[in-house]
Each structure stands twice: as structure tokens, then as C-alpha cells.
Amino acid sequence: MERVVDPLAKKPSVLRSQSETIGFAVMVAALVIAPLVGTYPLFLMQVMCFALFACAFNLLIGYVGLLSFGHALYFGWASYLSAYSAKAWGFPPELAILTGTATAAICGLVAGSLAIRRQGIYFAMITLALAQMMFFFALQAKFTGGEDGIQAVPRGVLFGIFDLKNTMTMYVVTLIIFILGFLFIYRIIHSPFGEVLKAIRENETRAISLGYKTDRYKLVAFVLSATLAGVAGATKAIVLQLASLTDVNWPMSGEVVLMTLVGGLGTIFGPVVGAFVILLMQFKLAPIGEWVLVIQGAIFVACVLLFRRGIIGEIANKLRIRL
Amino acid sequence: MFEIFGIPSTALFGQLLIGLINGSFYALLSLGLAVIFGMLNIINFSHGAQYMMGAFAAYLILQYSGLGYWPALIIAPILVGFTGILIERFLLQWLYKLDHLYGLLLTFGLALIFEGVARNYFGSAGLPYTVPESLRGGQNLGFMFLPNYRAWVVAASLIVCFGTWFVIERTRLGAYLRAATENPTLVRAFGINVPRMITLTYGFGVALAAFAGVMAAPIYNVSPQMGSELIIVVFAVVVIGGMGSILGAIITGFGLGVIEGLTKVFFPEASNTVIFVIMAIVLLVRPAGLFGRRA
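As the structure is a prediction and not an experimental result, all values here were calculated from the model.

1. Examining the overall build of chain B
The number of helices and strands found in chain B is 11 helices and four strands. For 295 residues, the compact-globule formula gives about 19 Å, and the C-alpha radius of gyration of chain B, at 19 Å, lands near that figure. Once the C-alpha set of chain B is aligned to its principal axes, its extents read approximately 65 × 50 × 35 Å. Classification of the 295 residues of chain B by burial places 49% in the buried group.

Have a look at this one:
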């Protein structure tokens with residue numbers, strides 16, 4: 001009911017509540033300071049790409065109540081097209097990322113218009129099946145390089161000025177992309193459009209009876225989510241200079257669900273924290289091989305049974321604030 | 001030997017048979033998913049992993065007790081079904097009041113655990129499991145060679161599928177089940193132990209998956225990832241058929257298996273994706289699925 005309060009009475013600020021502003025400041029500060037105090041920048045860039053991916057996914061599950069189990073499709077195909085256009089066509093990074101993002105948007109439009117024809121559990125199965133279909137296309141298509149993927153993608157020179165071969169330049173660019181994506185998602189959530197999405201999540205029948213064409217809202221939300229997942233995937237291809245089958249396969253779809261669940265479904269900062277926690281775990285546990293899969297599964301079970309709010313959700317609930 | 005549309009008959013019927021075999025597994029697995037969904041309102045994502053566990057159980061039973069295929073076909077589903085009962089009692093029963101999606105997420109987590117454990121102990125490469133003595137060899141039908149084991153798989157799967165259909169649609173127990181699906185509170189008021197029925201239903205659905213796994217062991221290798229790719233295809237099958245009808249699940253499963261087999265003959269590049277394409281078309285034409293009712 002916060003919107004009923006006269007918005008003009010508030011101080012103009014990017015974010016709506018004090019707790020969110022503080023959270024945002026802490027997040028940005030951490031991302032600025034971390035590489036300076038010796039955290040591996042490549043790891044942090046990866047975290048930011050996956051955090052944006054998880055935020056995009058959270059837009060659907062957290063604010064429209066739609067569980068997409070096939071978000072690897074948009075992330076992976078954006079990654080392929082970004083890598084391919086940079087390597088084979090010699091696109092500069094800004095155009096390569098744009099190409100990847102556009103690919104994800106188109107995929108999202110097609111898959112979304114099919115998936116929203118069914119609700120709930122079927123929606124999850126359809127998105128998963130469509131993503132698996134596109135995985136097979138990626139496996140068979142020539143340009144994706146099959147099992148090898150597209151390797152040694154050139155990072156190029158951004159706008160003809162900034163040479164991304166320099167790790168710190170790449171870091172700053174990734175940080176800017178992440179922050180812009182994050183704020184864009186925040187803006188969507190708190191726009192009148194976002195309020196309708198939340199209404200659909202709470203009670204779709206009632207939203208329909210109020211005259212909203214909910215299918216259209218769901219489709220737009222789906223395309224936005226796919227597009228932003230595409231931004232994340234396309235950027236990741238430039239950062240890691242690699243696009244591979246891992247990015248489009250079903251475990252990737254599961255991973256983004258896990259990140260969001262661990263951080264907190266429907267919280268603003270949850271997906272970011274979740275992405276960090278899961279990537280850190282994979283990084284630290286890499287030596288024990290396949291047990292990582294078992295641990296991820298156990299985290300899924302534990303989250304569903306014990307911590308459905310996720311890390312950020314629990315904190316916000318304890319402190320009675322919004323995060 | 002003769003030719004049909006320029007394709008040698010042996011190749012055509014051979015692929016048709018493979019299609020029927022795949023269809024048997026699609027039918028058994030989607031049937032189990034439908035039965036579980038009907039009672040628990042949960043999509044059992046670990047169904048593929050439990051199919052894999054059935055195959056591994058058969059393999060381990062052979063390794064450690066020397067019991068062969070036929071005993072394994074009975075013992076493995078009972079063992080795996082029992083783990084299903086434990087899962088329902090200790091984990092799933094806490095989720096019934098929550099959104100369906102949590103059931104999907106929890107069973108997805110379980111699938112990761114099962115697959116991860118199997119990979120740790122057995123590696124990713126497949127382990128061989130031989131066809132039982134009594135079903136080796138095959139029949140020469142003139143237009144094709146029919147291996148006995150494959151004929152058995154199709155027949156056994158048909159029998160189990162229609163047996164399940166008969167129990168659910170034509171017996172008193174099935175009537176209780178269907179009634180409990182519609183209105184559990186009312187059925188409980190009549191003195192029927194609904195929670196126990198739910199537990200046993202999950203155990204039975206899981207046992208069906210394990211049964212399919214044992215039958216699959218001699219055809220495909222026994223490997224940790226045998227279930228995860230299959231289950232996604234089965235999801236598409238379920239979307240196409242809709243989960244409202246048992247008979248629908250059986251027909252859709254076999255039908256799609258055959259279509260996939262034919263695609264392998266006429267357009268091999270699309271054989272991996274044909275079921276997903278059909279799913280997309282069905283969603284456009286009949287959003288509720290072929291046998292589904294509008295919710």
C-alpha cells in the first residue's frame with residue numbers, strides 16, 4: 001500500500017525505501033572495493049553475470065509467480081551469438097552483446113508465447129522442454145562448435161576507445177552493465193506495470209476480472225526476463241571469451257533456480273547474494289568433483305523444506321525491512 | 001526384403017521397433033507421473049533418477065547376490081518404491097499445503113543428489129547389463145528381425161500400463177483413489193486413510209519408474225545420466241497428452257515413441273527434437289493437451 005502515500009512527499013531517490021538504498025550502496029561498494037583488495041576479478045565478473053541472470057529469472061518467479069525451468073535457453077543462445085559475432089564477424093563488443101541480447105529477446109518471444117498458454121506446473125515443463133529442444137539445436141548446429149564450443153572469443157575494443165583486454169577495463173564495463181541491468185529490473189518491479197504483474201501473481205482470476213489482459217502482461221514480463229538473461233549471457237561470453245554447451249544445457253537452468261532460491265525468491269538483492277554463494281561454493285568445492293552436484297541437490301532440499309525465504313528473505317523478515 | 005518409400009523394410013521396421021521400445025518407456029514413466037500428480041499434486045522431477053536407480057538396483061543385485069534379471073524385475077521396483085515411501089513420509093508430506101512449484105524444486109534437488117551419488121560411485125560411463133538367457137536370440141519375421149528381448153519389453157510395458165489403468169478405473173481401490181483425488185476431505189470422512197493412500201501411491205509411481213529402469217538396463221547401458229535426459233522428453237509427452245487421463249498417457253507415450261522412430265528413418269537430424277516440436281504445435285492448436293481438460 002506504499003504507493004497510496006503521496007510520492008511527491010518523498011525525497012527523490014533512485015530506490016524507494018531506505019533499507020533498499022543502503023543495500024544497494026553496500027552492494028556497489030563491495031563490487032568496487034573487492035577487486036582492489038585482491039579478489040580474483042574474473043571470478044567477480046562471473047558473479048556479476050550470473051547475478052544479472054538470476055535477477056532476470058527472479059523477475060518471473062518472484063514477481064509474476066511463473067517458474068521457468070528453461071532459462072539456460074536465453075542465457076546460452078545469447079552467449080553463443082555474442083561469441084560468434086565477435087569472433088567470426090569481428091563485431092566490436094557492444095554490437096556482439098547487442099546481437100546476443102536480441103537473439104535472447106526473439107527466443108523469449110517465441111518460447112514465451114507458447115509457454116503462457118498453460119499455467120503452473122505445465123509452464124515449468126514447457127519451458128524446460130523448449131530449452132532442451134534448443135540445446136539439441138546447439139549440439140547439432142555447425143557454428144556452435146559442438147562439444148568444443150566457441151573458444152578464444154576476442155574481447156575487442158569497446159566503442160573503439162576502451163580496450164577490454166585490460167582486465168580492469170573489462171571489470172568496470174561488466175560492473176556498469178550489471179548495475180544498469182539491476183536498476184532496470186528494479187524500475188520494472190516498481191512501475192505500474194510491475195504492480196499489475198504482482199496482482200497476477202497473487203490472484204490471476206481477479207486481475208482478469210479487473211480488465212487486465214493478463215496473458216499480454218505475462219508475455220511482456222517473459223520477454224523482458226529472457227532479454228535480460230540474454231544481456232547476462234552475452235556479457236559472460238565476452239568476459240570469459242567462451243560460449244559452450246554448458247550454458248544452454250538443463251543443469252544451467254537448474255543452477256539459476258538454485259541461486260535465486262538460496263538468495264530469496266521475490267527479493268531485490270537475493271539473486272545477487274545467491275549467485276555469489278553458489279559460484280563461491282562451486283569454486284571452492286571444484287576439487288571434490290561430482291559431489292558438488294550432491295551438495296547442490298541437498299541445498300535445494302534444505303531451502304524448500306527449511307528456508308523458503310532464502311538468505312535475504314530471512315534477513316529482511318528478521319529486521320522487518322524490505323530488501 | 002522390400003522397400004517402402006525408398007527405405008529398406010528392415011530399416012523401417014527396425015526403427016519402428018525402437019520407436020515402440022522408447023514409447024514403452026515414455027508410457028510407463030508418464031503414467032507414473034500422472035498417477036503421482038493426481039494424488040500428490042506434485043510433479044515428480046526425480047522420476048528419471050528413480051528410473052536410473054531401478055537400473056542400478058538390478059545391476060547391484062546381480063553383482064552382490066548373483067540374482068539375475070527375473071528376480072531383479074521384482075526386487076528392484078520394491079526396493080526403489082520403498083525409498084519413495086520414505087521420501088514421501090519424511091520430505092514431500094510437508095509440501096502439500098504449499099504452491100506446486102515447491103514439490104517440483106524439492107524433487108529436482110533429489111534428482112541431483114541421486115545422479116551425483118551414482119556418478120561418484122560408478123563414473124559417467126555406462127555399465128553393461130546382459131539380456132537374460134531365456135530372452136536371447138530373436139525371430140525372423142521375413143520383413144525384419146525381431147529380438148526376443150525387445151518384443152518382451154513392449155509386451156510387458158503394455159501389460160503393466162493396462163493393468164494400472166484397470167486398477168485405477170475399474171476396481172474399488174481405484175475408485176477410492178479417484179475419489180481422494182477429487183475431494184480428499186470427504187473421502188477421509190468416510191473412514192478411508194487418505195494419507196496412507198497418498199504414501200502408497202507415491203511408492204507405486206516410483207516403483208513403476210524403477211520397473212522401467214530394470215527393463216531398460218539390458219537395452220541401454222546402466223549409467224547415472226540415463227534418467228535426466230529421458231525425463232525432459234517425458235515432460236513434453238505429459239504436456240502433449242495432459243495428465244488428466246491414464247489411457248491418454250499410455251496412448252500418447254506409445255504414439256510419440258513411434259513418431260520419433262519414424263523420424264529417425266525419414267529425417268534423422270530432427271529425431272532428437274521432433275517430440276518438442278509436436279509439443280509446440282499441440283500448444284498452439286489444443287492448449288489443454290490432447291486428452292486434457294481445461295482447468
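2. Focus on the packing of helix α12 (residues 291–305) of chain A against helix α4 (residues 100–122) of chain B
Between α12 of chain A and α4 of chain B, whose axes approach to 7 Å, the crossing angle comes to 155 degrees. Comparing their axes, α4 of chain B and α12 of chain A come out roughly antiparallel. Crossing handedness for the pair α12 of chain A and α4 of chain B: left-handed. Of the residues that constitute the contact of α12 of chain A with α4 of chain B, the class distribution is 15 nonpolar, five polar and two charged.

3. Points about the interface of chain B and chain A
Chain B puts 33 residues into the contact, and the matching count from chain A is 33 residues. At the level of secondary structure, the elements contributing two or more residues to the side of chain B that touches chain A comprise α4, α9 (226–241) and α11 (274–285) of chain B. Split into classes, the residues belonging to the side of chain B that touches chain A amount to 24 nonpolar, six polar and three charged.

4. Concerning the nonpolar core
Ranked by internal contacts, the top residues of the largest apolar core, which has 204 residues, are Ala51, Leu52, Phe53, Met125 and Ala129 of chain A together with Ala210 and Met279 of chain B. The leading source of residues in this core is helix α2 (residues 41–63) of chain A, at 17 residues.

5. Notes on the confidence of the model for chain B
Residues and elements named next belong to chain B. Here chain B shows a mean pLDDT of 88. Residues at 70 or above account for 97%. The weakest mean pLDDT in chain B belongs to strand β1 (residues 3–4) at 65; the strongest belongs to helix α3 (residues 69–90) at 94. The ipTM, which scores confidence in the relative placement of chains, is 0.88 for this predicted complex, and the corresponding pTM is 0.90.

Rules used in this analysis
- Residues numbered from 1 in each chain as written.
- Chains lettered and ligands numbered in written order.
- Predicted model: local features only at pLDDT ≥ 70, side-chain atom pairs only at ≥ 80, totals over all residues.
- Helix = DSSP H or I, 4+ residues; strand = E, 2+ residues; numbered from the N terminus.
- Rg over C-alpha atoms; globule rule 2.2 N^0.38 Å.
- Buried ≥ 20, exposed ≤ 12 C-beta atoms within 10 Å, placed from the backbone.
- Axes fitted to C-alpha atoms, helices over the stretch in contact; angles between N-to-C directions.
- Parallel < 35°, antiparallel > 145°, perpendicular 65-115°, else oblique.
- Left-handed = near helix turned anticlockwise from the far one by under 90°.
- Nonpolar A, V, L, I, M, F, W, Y, C, P; charged D, E, K, R; others polar.
- Contact = placed C-beta atoms within 7 Å.
- Core = buried A, V, L, I, M, F, W, Y, C linked by C-beta atoms within 7 Å.
- pLDDT = per-residue confidence, 0-100.

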